[in-house]
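# Coordinates in review
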Number of protein chains: 2
Amino acid sequence: MKKIILLLFALHAMVSYSQTDEENLKEIYKQALTNGKSYQWLDYLSNQIGGRLSGSLQAELAVQWGKKELEKLGLDKVWLQEVMVPKWVRGAKEYAFIESSKKQTTNVNICALGGSVATNPLGLKAKVIEIQNFEELEKLGEEQIKGKIVFYNRPMQEDLISTFNAYGGCVNQRYQGAVEAQKYGAVGVIVRSMTLRLDDFPHTGSMTYDNLPLEKRIPAAAISTNDAELLSTSLQLDADLEFYFKQSCSQFRDVLSYNVIGEITGSEFPKEYMVIGGHLDSWDLGDGSHDDGAGVVQSMEVLRLLKASGITPKRSIRVVLFMNEENGLRGGKKYAEEAKRKGENHVFALESDAGGFTPRGFSFDCSDANFNQVLSWKPLFKPYLIHYFEKGGSGADVGPLKTDNNVLAGLRPDSQRYFDHHHAATDTFDAVNKRELELGAATMASLVYLFDTYGTNPLPKQSAVKN
Amino acid sequence: MKKIILLLFALHAMVSYSQTDEENLKEIYKQALTNGKSYQWLDYLSNQIGGRLSGSLQAELAVQWGKKELEKLGLDKVWLQEVMVPKWVRGAKEYAFIESSKKQTTNVNICALGGSVATNPLGLKAKVIEIQNFEELEKLGEEQIKGKIVFYNRPMQEDLISTFNAYGGCVNQRYQGAVEAQKYGAVGVIVRSMTLRLDDFPHTGSMTYDNLPLEKRIPAAAISTNDAELLSTSLQLDADLEFYFKQSCSQFRDVLSYNVIGEITGSEFPKEYMVIGGHLDSWDLGDGSHDDGAGVVQSMEVLRLLKASGITPKRSIRVVLFMNEENGLRGGKKYAEEAKRKGENHVFALESDAGGFTPRGFSFDCSDANFNQVLSWKPLFKPYLIHYFEKGGSGADVGPLKTDNNVLAGLRPDSQRYFDHHHAATDTFDAVNKRELELGAATMASLVYLFDTYGTNPLPKQSAVKN
């Protein structure tokens, strides 16, 4: 019996794709590289609209633009899905300096973290205590922290190959730094920017106050890595120095915004939905080209590529341009909520939100059966140098769609340069290479095509598992 | 019997590396990413010395710098190897315009091809005939070509995944365009720049006149891709337009230069040599950071990494900074010539000359036995996302070392952005990412370490092959 099972597995592996699939992938890549639209779309989104934080005028322009461009593609349906989003506004450019105990000042580059409160209009000046992690907070205690600015200076770990892992090892300083430091009486928080480069650009990003009442919230800002090094060195020479910073950001009431959705209705299984998406909002410092303009235009391009390559999807393929990934995830949650309410069967979802760099493969959140099916397709991807197929996370926006039976995936581009740009003024159109962007779109379209062609494997019934 | 062979193969595959190897690779990558020298070296070579065409002052400064830096590494030997190199000088910046038949002029961006003759000091003006390939030359014949400038406008093929393949499909226009066009009486040659981008930067590169007598040589220049498009469109509207260009380049007598060589002498097999190299010369338009400053500093870094990781090579490991790859290959030929003359057994040579981008793997010129040994190491490289191990070419400089028994290899970085910079003013330090460069060096050092540890497999004796 076992032998037969093995044989069946082997046969299954042998017939896991056809020559038609090879030809279709070839056509998809060719269309993307010779006739692609993604780069031109990104040019408009980045250079004509620019940074588009949730609730901003630019975010609304991006919604209108996305809808209009999807309508031009001749999809079966295009619509907007209402979603209430937070509106945080940076205000005037932040200002900061180090003041030595001899009253000499040196200006440094900071930016408010997204969601932070403002400082007093005259700014905040206090002594600084540098720490690496929350454990040190506890050790130092209120006695040494009270009245001071806490300076989180744990750098991203350089010897990790995936820069996302290095980011994961640091980002709690940014997200929870203020609420943790406040417990010990800190008056403000300065966080080393989340990048592996030494440069002058502060990197913003979301943070939380949990449920702290307004009056207990302390302002938090990111400092460029060069200035983090300067501050750290200065503290070693002069522990009594003070740090001054001023920021005038504020949080408004939630405002109405939209997810932008387009659909090619399936020819055979219209009630099986496959979602491809990126997020339309971005931070405000750059123009959000890598995060996540790239994912937006690649997701749009997937549907265009399928049509341009003469592929008629059996299942309903949706592109979703999610709103508010950066500071709320309201769009991703809303889409999943509505899908559940309507009983829509989402068999597959793919997110691109890791930059427009050369694609290396995908990360999959799915059952072994579905993952093995993906592995059987690996040879199809080899001509395109796509080699990374691993189990792992998918993406923040598609995450809420997870069921026991479906397949969630995330595009995994080369990660080395991502945090050079992430959430900073350096996330701009010129940092995106046309071919790298296009290869990403083609790689996504290829995976979507294969899952549309072969479907997903639902979980075996409980009885079968037992055996 | 077959089963036993298969079993032996399986066993061989199982013992093809050890846990120590895993640990050594980990240490090599860690050293490269946390304590690497390659980026700092490249900063000096690119920003303090700059473009370093063979025979230039900068090339000589680069030789002295390379020797000094290798001496600091505490190798067993460092020396210079004399080599005579060609000296071609660009002279004043080139100047060119399109003149319509109504005498309206539009300036365009060109640069002389390396080795080209100058135009008349007053410049050259002639009608233009646009062609895609040499076959068209033959079809058009002397009647339609004589007295004209031939404009080669075959673009690089966008849908090839490897940009080097796209380059290979076009570069004969640049290398042989002048000598072919001259046969039909052309007075000059303009070649579309070898890049997949549309931009304003002309890309130089080597060309040949074969054995044409001096008086028959016609000047040749590259035109930026934007201006190639402009010229082509203009010709469609106005076939009688003229093209003017002026360049004042000249060829001098050969001058003395050097390969720079450093060696760690092997502890067990000092007479088995392993070479790692890149080329020290570069074109003159940019600072040669990708081509091939990256290969130079990565090759130097390989020896430093082995030492820093506490590895004592069994075989003699040499770094060779080759002179004159770009327009003569004199350094590569000279090194191989001397090695042969001295009867040095070069078992392995690795070249890095494809840019300082994220490494993807290697191309190997070697026997099946050696290639299979490499394949057995693939799992060791997986944590570093190194996946590309293919048979193919190695590199221009190490090519002359080829024997039946040895292994030649070329580092294969991601190629998407390479021709954005290749031979143009855009080949500058800021286009190199520190981590991508360092990962390349670590990947090279890992392969060198493995070949040093396990040796190469000499070809089986003839009798064994027969069986």
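Residues numbered from 1 in each chain as written. Chains lettered and ligands numbered in written order. Predicted model: local features only at pLDDT ≥ 70, side-chain atom pairs only at ≥ 80, totals over all residues. Heavy atoms only, no water.

### Overview of the overall build of chain A
Tallying secondary structure elements over chain A gives 15 helices and 16 strands in all. Here the C-alpha radius of gyration of chain A, 24 Å, is about what a compact globule of 467 residues would show, namely 23 Å. With respect to the principal axes defined by its C-alpha atoms, chain A has extents near 80 × 50 × 40 Å. Relative to its full complement of 467 residues, chain A shows a buried share of 58%. Expressed as a percentage of contacts within chain A between residues at least 6 apart in sequence, the contacts between residues at least 24 apart total 83%. With an accessible surface of roughly 19,300 Å², chain A has 51% of that area assigned to carbon and sulfur atoms. Separation of charge centres in chain A, based on 52 positive and 59 negative side chains, amounts to 4 Å. (Helix = DSSP H or I, 4+ residues; strand = E, 2+ residues; numbered from the N terminus. Rg over C-alpha atoms; globule rule 2.2 N^0.38 Å. Buried < 20%, exposed > 50% of the residue type's maximum accessible area, 1.4 Å probe, protein only. Contact = heavy atoms within 4.5 Å. Areas by Shrake-Rupley, 256 points an atom, 1.4 Å probe, with all protein chains shown as cover. Lys, Arg positive; Asp, Glu negative; His and termini not counted. Charge placed at Lys NZ, Arg CZ, Asp CG, Glu CD.)

### Brief notes about the packing of aromatic side chains
Residues and elements named next belong to chain B. Counting across every chain of the model gives 46 aromatic pairs over all chains. Taking 4.9 Å as the distance between ring centres and 85° as the angle between the ring planes, the aromatic pair formed by Trp-377 and Phe-451 counts as edge-to-face. Within this pair, whereas Trp-377 is found in the loop between helix 11 (368-376) and helix 12 (378-381), its partner Phe-451 is found in helix 14 (residues 434-454), the two being separated by 74 residues in sequence. Just as Trp-377 is buried, Phe-451 falls in that class too. (Phe/Tyr/Trp six-rings, centres within 6.5 Å; stacked < 30°, edge-to-face > 60°.)

### Let's talk about the interface of chain B and chain A
Every contact between the two is made by 29 residues of chain B and, on the other side, 29 residues of chain A. A buried area of about 2,600 Å², summed over both sides, lies between chain B and chain A, and 52% of it is on carbon and sulfur atoms. Inspection of the region where chain B meets chain A yields 4 salt bridges. Across the pair Arg-417 of chain B and Glu-436 of chain A runs a salt bridge, and its minimum N-O distance is 2.8 Å. Applying the counting criterion to the chain B and chain A interface returns 16 residue pairs in polar contact (both at pLDDT 80 or more). Contributions of two or more residues to the side of chain B that touches chain A are made by helix 2 (19-35), strand 14 (359-365), strand 15 (388-391) and helix 14 of chain B. Broken down by class, the residue content of the side of chain B that touches chain A amounts to 11 nonpolar, 6 polar and 12 charged. (Buried area = accessible area lost by both parts, 1.4 Å probe. Salt bridge = Lys/Arg side-chain N within 4 Å of Asp/Glu carboxyl O. Polar contact = N/O pair within 3.5 Å; in protein donor to acceptor, adjacent residues only side chain to side chain. Nonpolar A, V, L, I, M, F, W, Y, C, P; charged D, E, K, R; others polar.)

### Considering unusual backbone geometry
Note on backbone geometry: most residues besides glycine have negative phi, and most peptide bonds are trans. Put simply, Asp-291 of chain A and Asp-292 of chain A share a cis peptide bond, and its omega is 5°. If you trace the backbone, Asp-292 of chain A turns up in helix 9 (residues 289-308). For His-423 of chain A, which is not glycine, the phi torsion reads 65° and is therefore positive. By the secondary structure assignment, His-423 of chain A is in the loop between helix 13 (418-421) and helix 14 (434-454). Look at Lys-103 of chain B: it is not a glycine, yet its phi comes out positive at around 70°. Residue position: Lys-103 of chain B is located in the loop between strand 2 (95-99) and strand 3 (105-107). Judged by its relative accessible area of 56%, Lys-103 of chain B falls in the exposed class.

### Focus on the packing of helix 3 (residues 38-49) of chain A against helix 9 of chain A
All names here are of chain A. Where helix 3 contacts helix 9, the axes come no closer than 9 Å and their chain directions differ by 140°. Between helix 3 and helix 9, the angle is such that the two are oblique. In the packing of helix 3 onto helix 9, the handedness of the crossing is right-handed. Between helix 3, through Ser-38, Trp-41, Leu-42, Leu-45 and Ser-46, and helix 9, the contact on the second element is made entirely by Ser-289, Gly-293, Ala-294, Val-296, Val-297, Met-300, Glu-301 and Arg-304. Looking at the contact of helix 3 with helix 9 residue by residue, the class counts come to 7 nonpolar, 4 polar and 2 charged. (Axes fitted to C-alpha atoms, helices over the stretch in contact; angles between N-to-C directions. Parallel < 35°, antiparallel > 145°, perpendicular 65-115°, else oblique. Left-handed = near helix turned anticlockwise from the far one by under 90°.)

### Digging into the relation of the copies chain B and chain A
Note on the identical chains: chain B maps onto chain A by a rotation of 180° and an axial translation of 0.0 Å, with an RMSD of 0.0 Å. Here the symmetry operator amounts to a two-fold rotation axis. Closest approach to the rotation axis within chain B is made by the C-alpha atom of His-387 of chain B, at a distance of 3.5 Å. (Least-squares fit on C-alpha atoms with pLDDT ≥ 70 in both.)

### Quick look at the sheet that holds strand 5 (residues 124-131) of chain A
All names here are of chain A. One open sheet holds the 8 strands; their spatial order is 3-2-9-5-6-7-8-4, and the pairing between them is mixed. Whereas interior strands pair on both sides, the edge strands pair on one side only; in this sheet they are strand 3 (105-107) and strand 4 (110-112). For this sheet, the mean angle separating the axes of adjacent strands, direction not counted, is 30°. Where strand 4 meets strand 8 (residues 220-223), 3 bridges bridge the pair, whose relative direction is antiparallel. Within strand 8, the residue paired with Ala-112 across the bridge is Ala-221. Each of strand 5 and strand 6 (149-152) touches helix 5 (residues 134-145); the most contacted strand, strand 5, lies at about 140° to it. (Pairing = 2+ DSSP bridges.)

### Observations regarding the domain arrangement of chain A
All names here are of chain A. Split into domains, chain A comes out as domain 1 (20-88 + 253-459) and domain 2 (91-248). The distance between the C-alpha centroids of domain 1 and domain 2 comes to 34 Å. Contact residues are listed per partner, giving 17 residues for domain 1 and 22 residues for domain 2. Across the domain 1 to domain 2 interface the summed buried area is about 1,500 Å²; carbon plus sulfur atoms make up 66%. Applying the counting criterion to the domain 1 and domain 2 interface returns 0 salt bridges. For the pair domain 1 and domain 2, the number of links is 6 residue pairs in polar contact (both at pLDDT 80 or more). A total of 4 residues in the side of domain 1 that touches domain 2 trace back to one element, the largest contributor, which is helix 13. (Domains from an automatic or database assignment.)

### Some points on the pattern of salt bridges
This structure, assessed with the given rule, holds 48 salt bridges over all chains. For Glu-142 of chain B, the salt bridge goes to Lys-146 of chain B, with nearest N and O atoms at 3.7 Å. What makes Lys-146 of chain B exposed here is its relative accessible area of 55%. The salt bridge partner of Arg-318 of chain B is Glu-263 of chain B, with a shortest N-O separation of 2.8 Å. Of the two residues, Arg-318 of chain B is situated in strand 12 (residues 315-322) and Glu-263 of chain B in strand 10 (residues 250-264); the sequence distance between them amounts to 55 residues. Taken as a pair, Arg-318 of chain B and Glu-263 of chain B share a single burial class, namely buried. In this structure, a network of salt bridges that share partners links the residues Lys-77, Glu-263, Arg-318 and Glu-344 of chain A.

### Points about helix 8 (residues 225-237) of chain A
If you check helix 8 of chain A, its first and last C-alpha atoms are 19 Å apart, about what 13 residues at 1.5 Å a residue would give, namely 18 Å. Along helix 8 of chain A, the residues that are buried comprise Thr-225, Asp-227, Ala-228, Leu-231, Ser-232, Ser-234 and Leu-235 of chain A. (Expected span 1.5 Å × (residues − 1).)

### With respect to the sheet that holds strand 1 (residues 77-89) of chain A
Residue and element names in this part refer to chain A. Here 8 strands make up an open sheet; going across it, the order is 1-10-12-11-13-16-14-15 and the pairing mixed. Of all strands in the sheet, those with a lone pairing partner are strand 1 and strand 15 (388-391), marking the two edges. Between one strand axis and the next, the sheet turns through 20° on average, direction left out of account. Where strand 10 (residues 250-264) and strand 12 (residues 315-322) come together, 5 bridges link them in antiparallel fashion. Bridging from a neighbouring strand, Gly-262 pairs with Val-319 of strand 12. Running at roughly 5° to strand 10, helix 4 (residues 57-72) makes contact with strand 1, strand 10 and strand 12 of the sheet.

### With respect to the side chain of Thr-443 of chain A
All names here are of chain A. Mapped onto the fold, Thr-443 is located in helix 14. Since its relative accessible area comes to 0%, Thr-443 is described here as buried. Those residues in contact with Thr-443, other than ones at most four positions away along the chain, are Tyr-29, Pro-359, Phe-362, Phe-381, Ile-386 and Leu-411.

### Overview of helix 4 of chain A
Residues and elements named next belong to chain A. An ideal rise of 1.5 Å per residue puts 22 Å on 16 residues; helix 4 measures up with 23 Å between its terminal C-alpha atoms. Every buried residue belonging to helix 4 is among Ala-59, Ala-62, Val-63, Trp-65, Gly-66, Glu-69 and Leu-70, and all of these are buried. Buried residues along helix 4 sit against helix 3, strand 1, strand 10, helix 9 and strand 12. In the segment just after helix 4, Gly-74 is the residue with positive phi, at about 70°.

### Quick word on the UniProt feature "domain: Peptidase M28" (unreviewed entry) in chain A
Sequence positions flagged by UniProt for "domain: Peptidase M28" (unreviewed entry) are, in local numbering, residues 259-446 of chain A. Across residues 259-446 of chain A one finds 33% helix and 27% strand; the C-alpha atoms that close the span lie 24 Å apart. (UniProt positions renumbered as here; feature names shortened; annotations may be inferred.)

### Points about the environment of Ser-248 of chain B
Residues and elements named next belong to chain B. Looking at where Ser-248 falls in the secondary structure, it is placed in the loop between strand 9 (242-246) and strand 10. Judged by relative accessible area, Ser-248 falls into the partly exposed class, the value being 39%. A sequence separation of 158 residues divides Ser-248 from Arg-90, and the C-alpha atoms of the two residues are 6.6 Å apart. Aside from chain neighbours lying at most four places away, what touches Ser-248 is Arg-90, Gly-91, Ala-92 and Ala-118. Polar side-chain contacts of Ser-248 include one of 3.1 Å to the backbone nitrogen of Ala-92.

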